[in-house]
Every structure is written in structure tokens, then in C-alpha cells.
Amino acid sequence: MTALVRDDAVVVPVSLGSRSYDIVIGRGVIATLGTRIAELRTDAKVFIVSDENVAVHAMAAAQAALKRAGVASVQMTVPPGESSKSYRMLEQVCEAVLDAQIERGDLVVALGGGVIGDLAGFAAAVVRRGLDYVQVPTTLLAQVDSSVGGKTAIDSRQGKNLIGAFHQPILVVADTALLDTLPEREFRAGYAELVKYGLLGDAAFFTWLEAHWRDIFGASSSRNSAREHAVAVACRAKAAIVGRDERETGERALLNLGHTFGHALEAACGFSDRLLHGEAIAIGMVLAFEFSARRGLVPGAEAARVERHFAEVGLPTSPSDIRGPLPGLDRIMALIAQDKKVKRGMLTFILVRAIGSAVIETGVEEREVRTFLNEKLARR
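I will try to describe carefully the structure that is included in this document. (Residues numbered from 1 in each chain as written. Predicted model: local features only at pLDDT ≥ 70, side-chain atom pairs only at ≥ 80, totals over all residues. Heavy atoms only, no water.)

### Quick word on the layout of surface pockets
Note the threshold: Here a cavity denotes a set of grid points, spaced 1 Å apart and computed over the protein atoms alone, in which a 1.4 Å probe fits but from which it cannot get out, and a pocket denotes an open set meeting protein on both sides within 12 Å along at least five of seven lines; residues with an atom within 4 Å of a point are reported as lining. Grid points are joined across faces, edges and corners, and a volume is the space filled by probe spheres set on the points. The nonpolar class holds Ala, Val, Leu, Ile, Met, Phe, Trp, Tyr, Cys and Pro. Asp, Glu, Lys and Arg form the charged class, and all remaining residues, Gly among them, are polar.
Its volume calculated, the second largest pocket comes out at about 200 Å³. Considering the residues around the second largest pocket, the lining is formed by 13 residues, among which Arg-19, Asp-132, Gln-168, Pro-169 and Ile-170 are closest to the centre. Tallied by class, residues from the lining of the second largest pocket come to four nonpolar, four polar and five charged.

Here is the structure:
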């Protein structure tokens, strides 16, 4: 899709017929949140969900933008971290939305990273049988991936994102200036999801990232064109795939490159700070390339190139990089068996034929995966 420029912002459309919406990307665009919402929903009341860390940096700006546009709002903050994607917190958010007398014509605003987007989006999907919502992603991971496409979910003890719904936002406002406040580790973790778009379908973008990743990481008080360019490229790629396969019946599964391995490792670490989501996905993508090489799908040099780039950025590339103990192979295989791509007990993996060429491999034998992972875990 072609991005449009409006008011110094890059606007990427997500084409889904009557449910189409825009992704607005740029420095300082949170200041336009109120006017954009007012254009979409006249007289709507807004319920903002954020976390305690994000609220310190972004809540005042969001509320001020809404107030300038005459949009009434109430707010709720939840504890930061993956643990908030739980039944208990979902109940609290839903009850708070109802207590605030948010009606079907009103809006939920998810102000935060992937956890908040998933939690608030899922609450919006189920309260009053469906409320519209707006994503205001404040992390790199959320801006390039989780805020786009309508996947909302909470975690189960059986695995990550297993309880949820497809529920598209009506607007995404991605203010790249908010990324300046991210801790370096969290920014790096988000970068893994950015690299994913190059690895699965755009080899030229991966090459560009190899040359320009330091520019993306660099904070600036002025417009960071490299950062905005990278976010826009990722959003265009995801918007195009979502437009063709909204509910992951085919092509959209490619967006899960590295996620089967990564989600299992993330769950094995208890969804804790020991292994952030993006760090798990970085390891998962390296494993996916190595497993592809093992099966003769991709040259080993391609897998080594991917591992080298993640290592240069400072991301983990192997289970041996994970701090602390991991459960045994049987438990990790059980977590892999809960992957959402499993069909009638047969494993499905997103593998690669080259950098920029991902494929869906169905019917992968458990024995083959078990042997591969056993070798990787033995190096810890």
C-alpha cells in the first residue's frame, strides 16, 4: 500500500472495506489524537487504558489533546508487564469501563505497548458485545506490529495469547517521539519485530536495516526520518497482509515467523522480565532459520547472517542466552503443541527459503523438532 503524507504525518491505510482505518505515524502526532477522534466519532466519550509507566510519559499529552478537541475522557492504569494480560485484569478493565458508563457509541483508547493494546482491545471486543477502540502504541514493538491488525488477547497458563478475539481498531496513532523514553532493552526487543518484516518478505528492507539500525535507535528532538521510515515500512507490510487475510486463514500466518519457538520460550520463562517478548522472538527467528537450514530449505550462510545481525544489535540469539533455568524439553514441546497454528495435532512452522521469503510448513514431525531443540538446549 502507498502511504500518504498529511500534516507532516505518514498515513498508512488498512483496507478492510467498511472497517478500514488509518495508521498515523510521526513525531508529535499524539497532539492530534483528539481532533482525529472527534472526526471519527462526534460527541464520543473516551475511556483510556494505560499502564503505570506509560502514564507518566504520555497520559497528560493524550488527555490534553482530547480536551482541546472537546472530547471527554476518563482513565485507568494497570500494572506494567505481561502479567496484566490475565483474566483478573481483564475483569477489572471491563468493570471499570462499565462503571464509567461507557456506551456503545463511545471509545476505548489503548495507550501503551503490546500488553495494553491486547488487554484494552480485548476488553473493547467483549464489553457491551463490542466497543470501538483506538490504538495509541507507545513502544516500538506495538507501533510496528501488535497495534495493527486487530489481534487482541490475554494469556493462559497453557500459553501466550490463547484467549482473545479479532477486533479491529478504528484508528492507530503512532507517535515516534514517545519511543525516545523507552529503556534501551525494551527498544531492542521491539526492533526484533521490525526485522521480522524484512526476513519474511522484504530482503531489501533487511539489508537497509543492517546499514541503518543505529539511526533507528538514535533518539532525537527533531524528526528521526530513519525511525519513521522503518515504522512505516513495517506498517505497510502488515496492513497489506491483514487486508488480504484478516483472520489468519492463510498468508497472515507468515507474520508468526519465529513465534512458535519464541512463544514457547517466553512461556517457559513465566512471561517474566527474564525474557521480553521481542527477545523471545529474536531467538525464535534465529531458530527458525537454523531449523530451515537443517531441513535444506535455506543456506546456512543466510541463517548465520541473521544471527549476526541480532547479535550486533544486542539481542539474544540462542536459548543459551536466557538467564536462569528453563524447564525440560518435554515441557517446552508441550508449549509448542499449544501453538495456535497446530492443526489436528500436527505442527505447523513458519520457515524460510531465503531472507525475505518465508513459507508455511505444515505437518512438521514432532520428533524432528524435538531432536533440533534438544541440541540447542544442551548448549546451555
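### A word on the pairing of strand 11 (residues 347-354)
Under the convention used in this document: Relative accessible area decides the class of each residue, using a 1.4 Å probe on protein chains only: under 20% of the type maximum gives buried, over 50% gives exposed, and in between gives partly exposed. Under the DSSP-based scheme used, a helix requires at least four consecutive residues in state H or I and a strand at least two consecutive residues in state E, with every element numbered from the N terminus. One bridge is not enough; two strands pair if DSSP finds at least two bridges between them.
Strand 11 sits mainly inside the fold: six of its eight residues count as buried. In this sheet, strand 12 (residues 357-364) lies alongside strand 11 in antiparallel orientation, the contact comprising six bridges. Bridge pairing links Leu-351 to Val-359 in strand 12. Between strand 11 and strand 12, which pair antiparallel and follow one another directly, the connecting turn spans two residues, one of which, Gly-356, has a positive phi of 95 degrees.

### Let's talk about the environment of Glu-193
Worth spelling out the cut-off: Contacts are assigned to residue pairs that have any heavy atoms within 4.5 Å of one another. A 3.5 Å cut-off defines polar contacts: any pair of N or O atoms within that distance qualifies, except that in protein one atom must be a possible hydrogen donor and the other a possible acceptor, and neighbouring residues in sequence count only when both atoms are side-chain atoms.
Summarising the element assignment, Glu-193 is placed in helix 6 (residues 184-201). C-alpha separation for the pair Glu-193 and Asn-53, spaced 140 residues apart in sequence, amounts to 22 Å. The residues touching Glu-193, leaving out its near neighbours within four places in the chain, are Leu-141, Val-144, Asp-145, His-259, His-277 and Ile-281. A polar atom in the side chain of Glu-193 sits 3.1 Å from the side chain of His-259.

### Digging into empty space enclosed by the protein
Per the counting criterion, the structure on display carries three cavities of 30 Å³ or more. One number sums up the size of the largest cavity: a volume of about 110 Å³. Elements supplying a minimum of two residues to the lining of the largest cavity: strand 9 (159-166), helix 9 (259-268) and helix 12 (329-337). Per-element accounting of the lining of the largest cavity gives the leading share, four residues, to helix 9. Of the residues assigned to the lining of the largest cavity, the class counts are five nonpolar, five polar and three charged.

### Topic: unusual backbone geometry
A negative phi angle is the norm for most residues apart from glycine, just as the trans form is the norm for most peptide bonds. One non-glycine residue, Asp-43, lies in the positive phi region at around 65 degrees. Topologically, Asp-43 is positioned in the loop between helix 1 (33-40) and strand 4 (46-51). Phi at Gln-101 is positive, roughly 55 degrees, even though this residue is not glycine. Structurally, the position occupied by Gln-101 is in the loop between helix 3 (87-99) and strand 6 (107-112). On the basis of relative accessibility, which here comes to 58%, the residue Gln-101 falls in the exposed class.

### Digging into the pairing of strand 10 (residues 171-175)
With five of five residues buried, strand 10 is to be regarded as a mostly interior element. Neither face of strand 10 is open: one carries Leu-171, Val-173 and Asp-175, the other Val-172 and Ala-174, and all of them are buried. Sheet topology places strand 3 (residues 21-26) next to strand 10; five bridges connect them, and they run parallel. Bridge pairing in strand 10 links Gly-26 to Asp-175. Of the pairings in the sheet, the one linking strand 7 (residues 132-137) to strand 10 comprises two bridges and is parallel in character. Across the sheet, residue Gln-135 finds its bridge partner in strand 10, namely Val-172.

### Overview of the packing of helix 1 against helix 2 (residues 52-68)
Selection criterion: Inter-axis angles, ranging from 0 to 180 degrees, are taken between N-to-C directions of lines fitted to C-alpha atoms, where helices are fitted over the stretch in contact. Every angle not falling under 35 degrees, over 145, or within 65 to 115 is termed oblique; those three ranges are roughly parallel, roughly antiparallel and roughly perpendicular. In this scheme, a crossing is called left-handed if the near helix is turned counterclockwise away from the far one by less than a right angle; it is called right-handed if the turn is clockwise.
Packing of helix 1 against helix 2 leaves a shortest axis separation of 7 Å and a crossing angle of 50 degrees. In terms of their interaxial angle, helix 1 and helix 2 are classed as oblique. Read as a crossing pair, helix 1 and helix 2 show a hand that is right-handed. Within the contact between the two elements, helix 1 uses Leu-33, Gly-34 and Ile-37 and helix 2 uses Ala-62, Ala-65 and Leu-66. In terms of residue class, the contact of helix 1 with helix 2 is made up of five nonpolar, one polar and no charged.

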